[in-house]
Amino acid sequence: ICSDKTGTLTQNRMTVVDVWTPRSGERALALTIGALCSDAALTWKGREPVSTGDPTETALVDAAAREGLDKNGLEGEWPRRGELPFDSERKLMSTVHPLPGGGVRVMVKGAPDVLLRRCKKALGTAGTAELTPALSRQIAAANENMASRALRVLGTAFKDLPAPPAALDADTLEQGLTFAGLVGMIDPPRPEVRGAVEKCFAAGIRPIMITGDHRLTAVAIARELGICREGDLAITGEDLDFMPQEMLEREVEKFAVYARVSPEHKMRIVRAWQRRGKVVAMTGDGVNDAPALKAADIGVAMGITGTEVSKDAASMILADDNFATIVKAVVNGRGVYTNIKNAINFLLSGNMAGILCVFLASVLGLPMPFAPVHLLFIN
């Protein structure tokens with residue numbers, strides 16, 4: 001079973017628990033970027049912020065609201081003039097907002113390791129400074145520290161332009177950025193999943209985690225759930241890009257965690273396991289997951305967060321998006337299969353015995369061994 005992490009193995013209830021910035025006192029900027037560079041909507045229930053939308057974005061909007069940064073008010077100050085939606089290939093989202101004195105500010109959030117490669121500056125201790133190798137290592141260390149604590153980490157950055165861009169493309173908007181900070185959030189594992197994982201191993205089923213999160217975050221969650229065991233390895237999508245398919249097919253059983261993967265990587269993983277002679281179930285919820293769901297022996301779509309395309313491509317839909325439900329389905333399926341085998345064995349044994357008696361009696365010229373009423377009693 002190749003399973004996504006967020007919402008399937010975890011509760012999909014993100015909560016921001018840590019904000020790190022290169023310069024103290026800049027939490028507000030990192031949270032402002034996180035709130036404005038999102039599509040979540042904010043409402044208030046008394047004094048408590050209540051957001052609707054993607055769980056990661058609602059966590060950012062709620063965290064900003066608790067520190068006095070109401071997204072509705074921020075949007076009045078920083079209206080959105082354009083956007084580049086999140087893409088699983090880029091692993092970034094960008095929005096464009098007018099600056100009070102003219103020009104525009106591009107606000108970007110996304111995977112820290114991807115974002116950092118597109119930054120030239122950072123908010124250092126003495127203001128905006130060049131992104132030196134030492135500062136890059138400091139940011140990378142903070143990212144790994146959060147990820148090792150099983151936090152999902154997003155990076156935030158911005159860029160000021162003197163005029164609105166002629167075209168909204170990643171090469172223009174998402175290069176030469178100024179790094180603002182990291183936001184760490186936790187998505188607690190579903191309490192029932194660990195028991196379901198143990199049942200999988202006992203039943204001869206190998207659970208595999210496939211996620212877009214940082215490798216350390218994925219490994220920490222996988223170990224907590226029992227998916228990543230002693231001797232198991234983790235690999236990233238970047239490593240897969242340099243690994244030939246033949247090598248992946250030879251080494252696939254060594255990996256329990258795949259991090260920072262794209263939908264194309266899922267196809268490769270499915271095919272590698274199938275070449276090993278395994279029956280593969282693959283979970284997915286996005287439009288880009290449809291080819292992997294179709295290629296798997298059992299495609300499993302998410303009933304709550306899944307798109308219609310993924311549901312059409314899948315052979316099973318989880319109404320509660322819960323990994324433990326897959327295991328329950330396997331238990332029920334094996335029960336039905338066992339009952340069918342038992343029924344066939346019973347019918348074959350009874351009927352074959354009756355046929356043999358009638359056949360021998362006919363060959364030997366003996367009287368018929370059964371009257372019709374006898375056959376009815378046997379049945």
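Refer to the structure presented above.
Quantities reported herein were computed from a predicted structural model and do not represent experimental measurements. (Residues numbered from 1 in each chain as written. Predicted model: local features only at pLDDT ≥ 70, side-chain atom pairs only at ≥ 80, totals over all residues. Heavy atoms only, no water.)

(A) Region of interest: a negative patch on the surface. Residues Glu89, Glu238, Asp239, Asp241 and Glu264 make up a contiguous surface patch of negative charge. Of all the elements, helix α9 (residues 237–241) adds the most residues to the negative patch, at three residues. Mapped onto the secondary structure, Asp241 falls in helix α9. Assessed through its relative accessible area of 53%, Asp241 is described here as exposed. (Patch = residues over 30% accessible without salt bridge, like charges linked within 9 Å, V, L, I, M, F, W, Y side chains within 5 Å. Areas by Shrake-Rupley, 256 points an atom, 1.4 Å probe, with all protein chains shown as cover. Salt bridge = Lys/Arg side-chain N within 4 Å of Asp/Glu carboxyl O. Lys, Arg positive; Asp, Glu negative; His and termini not counted. Charge placed at Lys NZ, Arg CZ, Asp CG, Glu CD. Helix = DSSP H or I, 4+ residues; strand = E, 2+ residues; numbered from the N terminus. Buried < 20%, exposed > 50% of the residue type's maximum accessible area, 1.4 Å probe, protein only.)

(B) Representation of a nonpolar patch on the surface in the model. Taken together, the side chains of Val336, Ile340, Ile344, Leu348, Met352 and Ile355 define a hydrophobic patch exposed on the protein surface, amounting to about 580 Å² of accessible area. Inspection of the secondary structure assignment puts Val336 in helix α14 (residues 323–364).

(C) Examining the side chain of Thr178 more closely. Note on placement: Thr178 falls in strand β11 (residues 177–186). Setting aside its immediate chain neighbours within four residues, Thr178 contacts Cys119, Lys121, Ala122, Leu123, Thr128, Ala157 and Phe158. (Contact = heavy atoms within 4.5 Å.)

(D) Main features of the nonpolar core. Judged by nonpolar contacts, the single largest core of 27 residues is most densely connected at Ile1, Leu9, Met209, Val257 and Phe323. Looking at this core, the elements that each hand over two or more residues are α7 (193–202), α8 (215–225), β14 (255–259), β16 (298–302) and α14. If you tally residues by element for this core, the top one is α8, at five residues. Ignoring anything within four residues of it in the chain, the contact list for Leu9 reads Ser3, Asp4, Pro189, Arg190, Val193, Met209, Leu225, Ile227 and Phe323. Counting residues in each nonpolar core, the second largest holds 26 residues, with Leu84, Ala111, Leu115 and Ala142 among its members. (Core = buried A, V, L, I, M, F, W, Y, C linked by side-chain atoms within 4.5 Å.)

(E) Quick look at helix α2 (residues 55–66). Under the 1.5 Å per step criterion, the end-to-end length of α2 is 16 Å for 12 residues, consistent within 8% with the ideal 16 Å. Of all 12 residues in α2, 11 are buried; the element is thus mostly enclosed. Those residues of α2 not exposed but buried are Pro55, Thr56, Glu57, Thr58, Ala59, Leu60, Val61, Asp62, Ala63, Ala64 and Ala65. Where α2 starts, the residue carrying a side-chain oxygen 3.0 Å from the main-chain nitrogen of Thr56 turns out to be Asp54. (Expected span 1.5 Å × (residues − 1). Polar contact = N/O pair within 3.5 Å; in protein donor to acceptor, adjacent residues only side chain to side chain.)

(F) A look at α7. Those residues of α7 lying buried are Val193, Ala196, Val197 and Cys200. Here the buried residues of α7 occupy an arc of 100° about the axis, which is enough to place them on one side. Every exposed residue of α7 that faces more than 90 degrees away from the buried side is listed here: Lys199 and Ala202. On its buried face, α7 is in contact with α8 and α14. Count one or two residues on from α7 and you reach Gly204, which has phi positive near 80°. (Arc of directions from axis to C-beta.)

(G) Molecular detail of the environment of Leu92. Structurally, Leu92 is set in strand β6 (residues 92–98). Owing to a relative accessible area of 0%, Leu92 belongs among the buried residues under this scheme. Separated by 219 residues in the primary sequence, Leu92 and Lys311 place their C-alpha atoms 25 Å from one another. Beyond its immediate stretch of four places on either side in the chain, Leu92 contacts Pro85, Phe86, Asp87, Val108, Lys109, Gly110, Ala111, Val114, Leu115, Arg118 and Glu174.

(H) Layout of the state of the cysteines. Considering all chains together, one arrives at zero disulfides under this definition. Of all cysteine sulfurs, the one in Cys200 lies closest to Cys2, which takes part in no disulfide; the gap is 12 Å. By relative accessible area, which is 2% here, Cys2 ends up buried. (Disulfide = S-S within 2.5 Å.)

(I) Summary view of the packing of α7 against α8. Their axes nearest at 8 Å, the elements α7 and α8 cross at an angle of 75°. Classed by the angle they form, the pair α7 and α8 counts as roughly perpendicular. Every residue of α8 that contacts α7 at Val193, Arg194 and Val197 is listed here: Arg223, Glu224 and Leu225. Across the contact of α7 with α8, the residue classes break down as three nonpolar, no polar and three charged. (Axes fitted to C-alpha atoms, helices over the stretch in contact; angles between N-to-C directions. Parallel < 35°, antiparallel > 145°, perpendicular 65-115°, else oblique. Nonpolar A, V, L, I, M, F, W, Y, C, P; charged D, E, K, R; others polar.)

(J) Up close: the pairing of strand β4 (residues 48–52). Of the two faces of β4, the one holding Pro49 and Ser51 is buried and the one holding Glu48, Val50 and Thr52 is not buried anywhere. Once strand β3 (residues 41–45) ends, the chain turns through two residues before running back antiparallel as β4, passing Gly46 with a positive phi of about 70°. (Pairing = 2+ DSSP bridges.)

(K) Structural context of the pattern of salt bridges. For the coordinates displayed, the defined rule picks out 20 salt bridges. Notably, a salt bridge pairs Arg194 with Glu198, separated by 3.9 Å at the nearest N-O pair. Of this pair, Arg194 and Glu198 are both found in helix α7, four residues apart, which corresponds to roughly one turn of the helix. Arg194 sits in the partly exposed class, given a relative accessible area of 38%.

(L) Spatial organisation of the packing of helix α1 (residues 27–36) against α2. Where α1 meets α2, the axes come as close as 8 Å, and the angle between the chain directions of the two elements is 135°. Judged by the inter-axis angle, α1 sits oblique to α2. Classified by chirality, the crossing of α2 by α1 is left-handed. In contact with Leu31, Gly34 and Ala35 of α1, α2 contributes Leu60, Val61, Ala63 and Ala64. Taken together, the residues of the contact of α1 with α2 break down into six nonpolar, one polar and no charged. (Left-handed = near helix turned anticlockwise from the far one by under 90°.)

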